[in-house]
Amino acid sequence: MVTIWNLIVLMLSLQGHVKITKEVKFLSLKDYQDNSTSHSVFKGLRNTEVFPYFINTSLVMFKNLLFIAVFLCILSCKDGKNQMAEVVPEQPQIDWEPAQKFYHKHITKAVELIDSLAQMDAESPQAKKLFKKLRVSFKKSEPYAAYLNPAVGHRANGPALPIFVEDTERVLSPMGLQKMEESIFEGGEDPAVFKRETELTKGLLVNLMENTGERPLDAQRFFIATHQQLLRIISLGISGFDTPVSQLGLEESIVSLEALYTVYELSIQELVQEKNAQLDAEFKTNVDKAIKYLSEHTDFETFDRYTFIRDFMHPITRNWVSIRKESGLWEGVNNKPFNFDAPTFFEKDAFNLTYFTPPVNRNTNYKQIALGEKLFFEPRLAKNGTMACATCHIPEKAYADNRVANLDNTGNPLQRNSPTLINVAFQKSFFWDGRAENLLDQISSVFTNEQEFASGVHEFSTEILNDSVYTEMFKDAYGKVSTRNTDVIRAISSYISTLNGFDSKFDRNMRGEEANFTDEEKLGMNLFMGKALCATCHFMPLTNGTVPPFYAETEKEVIGVPETAANKALDDDLGFYWRYEKEVHYGMFKTPTVRNVALTAPYMHNGVYATLEQVMDFYNQGGGGGLGFELEHQTLPFDNLELTQKEQKAIIAFMKTLTDTNVDHKEKQKSNLVAGTQP
């Protein structure tokens, strides 16, 4: 930016009074906002040979100076449409080091504690106490430590299951804090195995410790990390996912909230107080209220998650979004799963569809979506003209079909049940066996499947090519008439990605727009997120298997689904086993969404259960293992649930509140639900 001081120096140089060399620098706006700097510059000028000329500069010089200044103003208002360049306020300077030291201190403490724990008898009372302290230190450091290395952070606190490494196709033994928790609280583990568990887990924690110490904290890292931790409290803490055996999740949610406020104090509180003291006070009050509620309601099974999320967590998340905006330090990014401006995680646009969309299909427009919608119902896409996407995914049936299995292009049953397409975009794997990594691959597989469309990606229906309506729509959408199915697949994917429903009775209650949950529905939600452990696989708020807060993978589980509703024999569909032929994958299937489950019967990958009551009974008995099937690698986190009939009925009542089929994309053009439209 050219300033008056710059012009003076420039004019003096033109008059021959000052020679501008590489040592003479034009002063920036910051120099003039800093009074001491301005004074020192003027003082320095006074003490040079320039000063007399500066005082006695001729009238001609000032006329020239004025002419240049006016000329520059005219340039800055080119065409009369743009105002003069606004003075951009200086970015507030935050010392992030104290907050970073807080995170590093506690992950370092966790490493020290795990060393001590390795020397103990896993089943001793001292081991339990030390493990709790270890987890407290971990939770205090988790936001930043896990943000810097999501894979290691998730593994350090992930489920106690075998780990399959795709690159090497090796199956590693379970490791991490949850595996140690099993050994300590359930007992029966060989001491040598426990020691090995602590060594492996320590290696993960050391990696996190080194990162938190070496990589400097900044505004973006701070706000993303804290945003993720707020979701962890809701999705993983109070649901029991983090600590399925010890059930320490409620206590640890207090730790997470206290740590959030501490790093706030250590970093940006002073700035927020200067800008909005009321917001700062309100945030403190809401954090204190949430901590008080957790402290007074400590029983995991009876904890009221409906009330806690709606009345205590959401005031905090709303405050936190306002604090970020008020600080002016960071505006958010579009390459993460969240819409950082959404005040809660239950908004219609709380999740960033762009993140879940393959790069090649981002920045779609409504002409492409309209083309995709028309193609979705088009049977001429199939080689024999008998099938369309809507054959198996019927809008009036929540984009499912209410059949055990639909029919292929020869009239014979397909292998698996048709799942709903509503909210399908918010996944990282597709098909029941998870064989497709994204929606484009999933649709492509339907085209190439000999039992379905049986038309290659590079083929195209001549009937559609000769249809003038399609000709115009393709030109409008892609600038040309396609001769391959690649644009068809992209268009259909764009349309399916708009089929999102986050305005159910449940969502409206969570947002505080309604308060009409019945006592039975509240009980059902609290069981779903508590005693029944449903939400440890069907994660809130999406209720599918895509794992928060990173949403980098969609879980697949081995639950032992039977062949028939008689529950006498295990189904012979091997699921994900086909890919690597590893025993741990035998009968493994993707975890689907529970949203709209009231409309999408029958259930499971093979459509074996006709009612939700049958589904609840299956889980209550402990899945296939509880039915007596030989399942060495069943992944359910329980043997049986011991739910009463009243409790099972309440869970079903809650699941029915998840219904929302109002997914007409034409009504959503005003919102940011289409990939690429979010700022």
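Conventions we followed
- Here the residue numbering is sequential within each chain, running from 1 through the sequence in written order.
- Totals for whole chains, interfaces and linings use all residues, but because this is a predicted model, local features are given only for residues with pLDDT of at least 70 and pairs of side-chain atoms are given and counted only at 80 or more.
- Side-chain metrics in this entry use all non-hydrogen atoms of the structure; hydrogen atoms and water are not considered.
- The disulfide criterion is simple: two cysteine sulfur atoms within 2.5 Å.
- Residue exposure (1.4 Å probe, protein chains only): buried if accessible area is under 20% of the type maximum, exposed if over 50%, otherwise partly exposed.
- Ring pairs shown here join Phe, Tyr and Trp side chains whose ring centres sit within 6.5 Å, with only the six-membered ring taken for Trp; geometry is labelled stacked below 30 degrees between planes, edge-to-face above 60, and tilted in between.
- Here a helix means four or more residues in a row that DSSP labels H or I, a strand means two or more in a row labelled E, and each is numbered from the N terminus.
- Note on definitions: angles span 0 to 180 degrees between N-to-C directions of axes, and those axes are lines fitted to C-alpha atoms, for helices only across the stretch in contact.
- By definition in this entry, angles of less than 35 degrees are roughly parallel, angles greater than 145 are roughly antiparallel, angles of 65 to 115 are roughly perpendicular, and the rest are oblique.
- The handedness criterion is simple: a crossing whose near helix is rotated anticlockwise from the far helix by less than a right angle is left-handed, and one whose near helix is rotated clockwise is right-handed.
- What makes two residues a contact is simply this: any of their non-hydrogen atoms within 4.5 Å.
- The classification used treats Ala, Val, Leu, Ile, Met, Phe, Trp, Tyr, Cys and Pro as nonpolar, Asp, Glu, Lys and Arg as charged, and all other residues, Gly among them, as polar.
- Candidates for patches are residues over 30% relative accessible area with no salt bridge; among them, like charges are joined within 9 Å and nonpolar side chains (Val, Leu, Ile, Met, Phe, Trp, Tyr) within 5 Å.
- The Shrake-Rupley method, run with a 1.4 Å probe, gives the accessible areas here. Residue values count only the displayed protein chains as cover.
- Think of a salt bridge as a Lys or Arg side-chain nitrogen and an Asp or Glu carboxyl oxygen that are within 4 Å of each other.
- Working convention for charge: Lys and Arg count positive, Asp and Glu count negative, and His plus the chain ends are omitted.
- Charge coordinates come from a single atom per side chain, which is NZ of Lys, CZ of Arg, CG of Asp or CD of Glu.
- Definitions used throughout: a 1 Å grid over protein atoms alone; a cavity as a set of points that fits a 1.4 Å probe which cannot get out; a pocket as an open set with protein on both sides within 12 Å along at least five of seven lines; a lining residue as one with an atom within 4 Å of a point.
- Grid points are joined across faces, edges and corners, and a volume is the space filled by probe spheres set on the points.
- Within this scheme, the nonpolar core is defined by two criteria: the residues are buried Ala, Val, Leu, Ile, Met, Phe, Trp, Tyr or Cys, and they are joined through side-chain atoms within 4.5 Å.
- As a per-residue measure, pLDDT reflects the predictor's confidence and takes values from 0 up to 100.

Undergrad: Explain the state of the cysteines to me, and be specific about the residues and the numbers.
TA: Under the counting rule described, the total for this entry stands at zero disulfides. You can see Cys 389 has no disulfide; the closest cysteine sulfur is in Cys 392, sitting 9.0 Å from it. On the basis of relative accessibility, which here comes to 13%, the residue Cys 389 falls in the buried class.

Undergrad: Please set out the packing of aromatic side chains residue by residue, giving values where relevant.
TA: The relative placement of two aromatic rings is captured by the distance of their centres and the angle of their planes. Under the criterion given, the structure shown has 45 aromatic pairs. Ring geometry for Phe 506 against Phe 654: centres 5.5 Å apart, planes inclined by 85 degrees, an arrangement best described as edge-to-face. You can see Phe 506 sitting in helix α23 (residues 505-511) and its partner Phe 654 sitting in helix α28 (residues 645-656), a full 148 residues away along the chain. Residue class for Phe 506 comes out buried when judged on its relative accessible area of 0%. Overall, the relative accessible area of 0% leaves Phe 654 in the buried class. When the ring of Tyr 609 is compared with that of Phe 618, the centres are 5.8 Å apart and the planes differ by 50 degrees; the resulting orientation is tilted.

Undergrad: Describe the packing of helix α11 (residues 219-237) against helix α12 (residues 249-267), and please don't skip the residues or the numbers.
TA: Running from N to C, α11 and α12 cross one another at 165 degrees; their axes reach a closest spacing of 10 Å. One element, α11, and the other, α12, form an angle in the roughly antiparallel class. Considering the relative orientation of α11 and α12, their crossing is left-handed. Along the contact surface, α11 presents Phe 222, Thr 226, Gln 229, Leu 230, Ile 233 and Gly 237, while α12 presents Gly 249, Ser 253, Ser 256, Leu 257, Leu 260, Val 263 and Ser 267. In terms of residue class, the contact of α11 with α12 is built from six nonpolar, seven polar and no charged.

Undergrad: Residue-level account of a negative patch on the surface, with values.
TA: On the surface, Glu 166, Asp 167, Glu 169, Glu 437 and Asp 441 cluster together to form a negatively charged patch. Inspection of the secondary structure puts Glu 437 in the loop between α18 (389-392) and α19 (439-448).

Undergrad: So, empty space enclosed by the protein: which residues are in play, and what are the values?
TA: Where empty space is left can be seen by rolling a probe of water-molecule size over the atoms. Applying the stated rule across the entire model yields nine cavities of 30 Å³ or more. Taken as a whole, the largest cavity holds about 80 Å³ of empty space. What lines the largest cavity is simply Glu 142, Gly 153, His 154, Asn 157, Gly 158, Arg 232, Leu 236, Phe 241, Asp 242, Pro 548, Pro 549 and Phe 550. Of all elements in the fold, only α8 (150-156) and α11 reach the threshold of two or more residues within the lining of the largest cavity.

Undergrad: Explain the pattern of salt bridges residue by residue, including any values.
TA: In the structure shown here, the tally under the stated rule is 28 salt bridges. A salt bridge links Glu 142 to Lys 139, with the shortest nitrogen-to-oxygen separation between them at 2.6 Å. Here Glu 142 and its partner Lys 139 are both found in helix α7 (residues 125-148), three residues apart, which amounts to about one turn of the helix. There is no split in this pair, since Glu 142 and Lys 139 are both buried. For the salt bridge of Asp 242 with Lys 139, the shortest nitrogen-to-oxygen distance reads 2.9 Å. Residue Asp 242 is located in the loop between α11 and α12, and its partner Lys 139 is located in helix α7; the two are separated by 103 residues in the primary sequence. Note on Asp 242: relative accessible area 3%, which makes it buried. If you follow the salt bridges from partner to partner, you end up with Lys 139, Glu 142, Arg 232 and Asp 242 in one network.

Undergrad: Residues and numbers for the nonpolar core, please.
TA: Grouped together as the largest cluster of nonpolar side chains are 105 residues, with contacts concentrated most on Ile 268, Phe 308, Trp 320, Phe 528 and Met 655. Top element by residues in this core is α11. It accounts for nine residues. Residues within four places of Phe 308 in sequence aside, it is in contact with Ile 233, Ile 238, Ala 290, Tyr 293, Leu 294, Phe 303 and Met 313. Leu 421, Ile 422, Val 446 and Phe 447 belong to the second largest nonpolar core, which has 39 residues in total.

Undergrad: An account of the environment of Asn 423 is needed here, citing residue identities and associated values.
TA: Here Asn 423 is to be found in the loop between α18 and α19. With relative accessibility at 6%, the residue Asn 423 sits in the buried group. Spatially, the C-alpha atom of Asn 423 lies 8.1 Å from that of Thr 593, the residues being 170 residues apart in sequence. Beyond its immediate chain neighbours, meaning those up to four positions away, Asn 423 contacts Leu 499, Asn 500, Gly 501, Phe 502 and Arg 595.

Undergrad: Residue-level account of the confidence of the model for the chain, with values.
TA: Mean pLDDT for the chain: 87, with 84% of residues reaching 70 or above. Here residues 1-88 is modelled with pLDDT under 50, and outside its nearest four sequence neighbours on either side it reaches 65 contacts, counting other chains as well. Predicted confidence is poor over residues 667-679, with pLDDT under 50, and the contacts of this stretch with residues over four places away or in other chains come to 36 contacts.

Undergrad: Tell me what's going on with helix α26 (residues 612-620), and back it up with residues and numbers.
TA: The set of residues buried in α26 consists of Leu 612, Val 615, Met 616, Phe 618 and Asn 620. On its buried side, α26 packs onto α27 (623-626) and α28.

Undergrad: Go over a positive patch on the surface with me, naming the residues and quoting the values.
TA: Judged by side-chain charge, Lys 109, Lys 129, Lys 132 and Lys 133 come together as a positively charged surface patch. Looking at the positive patch element by element, the count peaks at three residues for α7. Note that Lys 109 resides in helix α6 (residues 97-118).

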